[in-house]
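Structural characterization, general
Residue-level listing of the chains:
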Amino acid sequence: MAPLPQAQHYTFADLLTWEDRTRYELYDGQPVALASPSNVHQEICMALSAQIYNFLRGKKCKVYPAPFDVRLFEEAGDAPEDVYTVVQPDISVVCDPGKTDGHGCKGAPDLVVEVTSPSTARYDNLLKFNLYQQAGVREYWIVDPAARVASVFSLKDGHYQAAAYGADATVSVGVLEGCVIDLSTVFPEL
């Protein structure tokens, strides 16, 4: 993930007009191209999404895998040209159906999961961590395939509180009462 050399700021309105097949995120108007994920990354995302999807079946909360545009700071009345930050979490859970539209999520999802890779680790652990905290994402998971660890950050008084779990743990999802993730089925055997 390398920022494209740009002299201007772009908005979500601009992003909607780009016709190439490259996926982009916008950080304060600066586009960043996203690399295609590895097969291990995709296996982990699918395993997590499946567990969450099965738990949420028939409930009001919905799970959305990437690509799914999340306009973290969009407020009611904002037009696409007013939105300068757009991210594509690996997994998003949204419990307020009023936050979703034909383009993704307006505002903070309730749960976001990012699966790190060498090209995304810095963004996931620093930039996105701060953006999600600032936007009010209630729970943020960073899943590290190399370390076989899931770090879970729960928002308390505007700041994340951390806990880490190994590949054999079962983890309760704080924002989804009764949802438990079995990490032993998430990390593929290497």
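Since the structure is predicted, the reported quantities are computational estimates derived from the model, not experimental observations.

Further remarks concern the nonpolar core. In a soluble, globular protein the nonpolar side chains are often hidden away together inside. Counting 29 residues, the largest nonpolar core has Trp 141 and Leu 176 as its most contacted members. The set of elements that each furnish at least two residues to this core consists of α2 (39–56), β5 (91–94), β8 (111–115), β9 (139–144) and β10 (149–156). Ranked by residues supplied to this core, first place goes to α2 with six residues. Among the nonpolar cores identified, the runner-up in size contains 19 residues, and Val 94, Val 112, Leu 131 and Tyr 160 belong to it.

To continue, consider the state of the cysteines. In the structure shown here, the tally under the stated rule is one disulfide. Covalent S-S linkage joins Cys 61 and Cys 95, the inter-sulfur distance amounting to 2.0 Å. Judged by the sign of its S-S torsion, about 105 degrees, the cystine formed by Cys 61 and Cys 95 is right-handed. Highlighted residues: Cys 61 in the loop between α2 and β3 (62–65) and Cys 95 in the loop between β5 and β6 (100–101), separated in sequence by 34 residues. Cys 61 sits in the buried class, given a relative accessible area of 11%. With no disulfide of its own, Cys 105 lies closest to Cys 95 among cysteine sulfurs, the gap being 10 Å. Look at Cys 105 and you get buried, because its relative accessible area is 0%.

On to the layout of surface pockets, then. Taken as a whole, the largest pocket holds about 410 Å³ of empty space. Arg 23, Pro 37, His 41, Gln 42 and Asp 90 are, among the 25 residues lining the largest pocket, the residues nearest its centre. Counting only elements with at least two residues in the lining of the largest pocket, the list comes to β1 (23–27), α2, β8 and α3 (121–135). Broken down by element, the lining of the largest pocket gets its largest block of residues, five residues, from α2. Residue classes in the lining of the largest pocket are distributed as 10 nonpolar, nine polar and six charged. In this structure, the second largest pocket encloses a volume near 150 Å³. Lining the second largest pocket, in full, are Leu 15, Leu 16, Trp 18, Asp 20, Thr 22, Arg 23, Tyr 24, Asp 69 and Gln 88.

Reading guide: rules and limits
Along each chain, residue indices are assigned from 1 in the same order as the chain's sequence is written. Thresholds applied to this predicted model are a pLDDT of at least 70 for local features of residues and 80 or more for the giving and counting of side-chain atom pairs; totals over whole chains, interfaces and linings are not thresholded and use all residues. Only hydrogens and water are removed before side-chain values are computed, so all heavy atoms of the structure are retained for them. Among buried residues, the Ala, Val, Leu, Ile, Met, Phe, Trp, Tyr and Cys ones that are joined through side-chain atoms within 4.5 Å form a nonpolar core. Classification of residues uses two cut-offs on accessible area relative to the type maximum, computed with a 1.4 Å probe and protein chains only: under 20% is buried, over 50% is exposed, and between them is partly exposed. We count a stretch as a helix when DSSP gives it H or I for four or more residues in a row; a strand needs E for two or more, and each element gets its number in order from the N terminus. By disulfide we mean two sulfur atoms from cysteines, separated by a distance within 2.5 Å. Points on a 1 Å grid, built from protein atoms alone, make a cavity when a 1.4 Å probe fits but cannot get out and make a pocket when they are open with protein on both sides within 12 Å along at least 5 of 7 lines; residues with an atom within 4 Å of a point are the lining residues. Grid points are joined across faces, edges and corners, and a volume is the space filled by probe spheres set on the points. Under the convention adopted here, Pro, Cys and the residues Ala, Val, Leu, Ile, Met, Phe, Trp and Tyr are nonpolar, Asp, Glu, Lys and Arg are charged, and Gly plus all remaining residues are polar.

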